[in-house]
Amino acid sequence: GAGADQAAAVASRAAAEREAATQRFIALLAASGVDPEGSWDDAMKRTVNHADYRALQTLGDRKAAFERWGRERREAAEAAARAEERRRKVDFLTLLKGRPELTSRTRYPEAEALLGKEARWLALADEPEREELYEEYALSLERKEGAERRAARQARMAALRALLEREAVSAKSQWRKVHAALGEAAEMIALDKVDRLSVFEEYIGSLEEKEEQAKQAEREAARRADRKKRDAFRALLRRRYDEGLIPLAARWRDVAAELEAAEEHGLAAGQPGSTPQELFDDFMEQARETYSGHRRLLRGVSGAPPVTAATTADEFAAAIASAADAGSEVASLPRASLAAYVAELKEKAREEAAEMERSIRKQQRSAIEAFQGALRGLMGATLTSATTWQEVAAVVSGKAFASALAEPLQRQGFSELDARGKAGG
């Protein structure tokens, strides 16, 4: 902590004092006419009797300061020489730039003949270096002149393009006719044949591209408009499905008449994409897939309310929402799915009732036929077309086979036998 800071401060002061002493000794060397390239012995002889000789305490420190001074003087001299060399080169290039008659095609001997007596030319005494610097300048001129030529050419080409625009040249214009009409224009004459044709073809290409972009924009706008028409028809299907006007089992022929009367159908029928029937089929397929998942959820609800022929979708929705294990997912099911589920349960109940009715009738039929067989066996030849029901009732009264069948069905069995007997008679 504090001890380390104090030691660092002491070391810093000592280094500063040593540097100050070194600078005093170096100043003595310079003032005493010591040659920085000379020997240490000569330097010591010239400074030993001066008081600042002892600014540094040891002979080693003095010799090190002498060597440092010589090194710094040499580095300064070298830096000054480099700066002077750069100045002479800059002056040489300034001389060249000030003579507009020099071009990239002017060779070095020609330039030397023109400028050889100039002081700034002669300041570069090294002939190879001077020639190399000149060649670099000539190369830079060549690049500059090339850029200027390209810029001038581009300007002339832009002028011809502007002329074509002013003259309302269209994408269907032919070069032969355009050249015949504008061949004497200054903008046309300023370019060679290749550049003229190049400008024309590029201009025509840009016009064709603009036309294609405009057509593409029109096609895209038409596609968007057609998509909106299809979306509107899908929205109509969604509304009617949610309202229960389109049952889940509906087919196109079931709802076509009502849908065709809607404005959305007419718009969808007039676009080149999917037809209204195709849109309907796609919608119903998706609706059935969605309902399939909803049905699994509903079937998994224990304590679901019973469905009767009179149950409505709204009543079922209210009842299912209060069921013991009906989660938020079930409670949020759309009305259309609930209505479809109620309709499915009603249809299932109707089918079960019809099957029960068929089973009862089949049993009754078997019982009637058994009664008829037993009656024929019991009465034999006495059973004729003249036999009355009262006579039959008296015969079968108390018999086990008759007790198994209600009297109305006994009468039906007898009537059938009587009718067949009369038909045969």
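It should be noted that the structure appears before, not after, this text.
Below you will find a few notes about this structure. (Residues numbered from 1 in each chain as written. Predicted model: local features only at pLDDT ≥ 70, side-chain atom pairs only at ≥ 80, totals over all residues. Heavy atoms only, no water.)

**Describing the pattern of salt bridges**
Next up, step 1: Scanning all chains against the criterion turns up 27 salt bridges.
Next up, step 2: Here R166 makes a salt bridge to E187, at a shortest N to O gap of 3.3 Å. Of this pair, R166 sits in helix α6 (residues 127–166) while E187 sits in helix α8 (residues 186–189); the two residues are 21 residues apart in sequence, bridging distant segments of the chain.
Next up, step 3: Between E407 and R411 there is a salt bridge, and its shortest N-O distance comes to 3.4 Å. With a gap of 4 residues between them, E407 and R411 both fall in helix α18 (residues 407–424), about one helical turn apart.
Next up, step 4: Under the relative-accessibility criterion, E407 is labelled partly exposed at 43%.
Next up, step 5: Through salt bridges that share partners, E84, E85, R87, R88 and D91 make up one connected network. (Salt bridge = Lys/Arg side-chain N within 4 Å of Asp/Glu carboxyl O. Helix = DSSP H or I, 4+ residues; strand = E, 2+ residues; numbered from the N terminus. Buried < 20%, exposed > 50% of the residue type's maximum accessible area, 1.4 Å probe, protein only.)

**As for unusual backbone geometry**
Next up, step 1: A positive phi angle, near 55 degrees, is found at A168, a position not held by glycine.
Next up, step 2: By the secondary structure assignment, A168 is in the loop between α6 and α7 (175–182).
Next up, step 3: Under the relative-accessibility criterion, A168 is labelled exposed at 61%.

**Here's the deal with helix α10 (residues 252–260)**
Next up, step 1: When α10 is considered as a whole, its buried residues turn out to be W252, V255, A256 and L259. One side of α10 carries all its buried residues, which in axial view fall inside an arc of 135 degrees. Exposed residues on α10 whose side chains face more than 90 degrees from its buried face are R253, D254 and A257.
Next up, step 2: Packing partners of the buried residues in α10 comprise α9 (193–242), α11 (263–269) and α12 (276–299). (Arc of directions from axis to C-beta. Contact = heavy atoms within 4.5 Å.)

**Comments concerning the packing of helix α13 (residues 313–321) against helix α15 (residues 335–379)**
Next up, step 1: The interhelical angle for the contact between α13 and α15, taken along N-to-C directions, is 105 degrees, at an axis separation of 9 Å. The orientation of α13 with respect to α15, classified from their angle, is roughly perpendicular. For the pair α13 and α15, contact is made by A313, D314, F316 and A317 and by R335, L338, A339, Y341 and V342, respectively.
Next up, step 2: For the contact of α13 with α15, a count of residues per class yields 7 nonpolar, no polar and 2 charged. (Axes fitted to C-alpha atoms, helices over the stretch in contact; angles between N-to-C directions. Parallel < 35°, antiparallel > 145°, perpendicular 65-115°, else oblique. Nonpolar A, V, L, I, M, F, W, Y, C, P; charged D, E, K, R; others polar.)

**Some words on the environment of A257**
Next up, step 1: Relative to the helices and strands, A257 is located in helix α10.
Next up, step 2: It is 40 Å that separates the C-alpha atoms of A257 and A214, two residues lying 43 residues apart in sequence.

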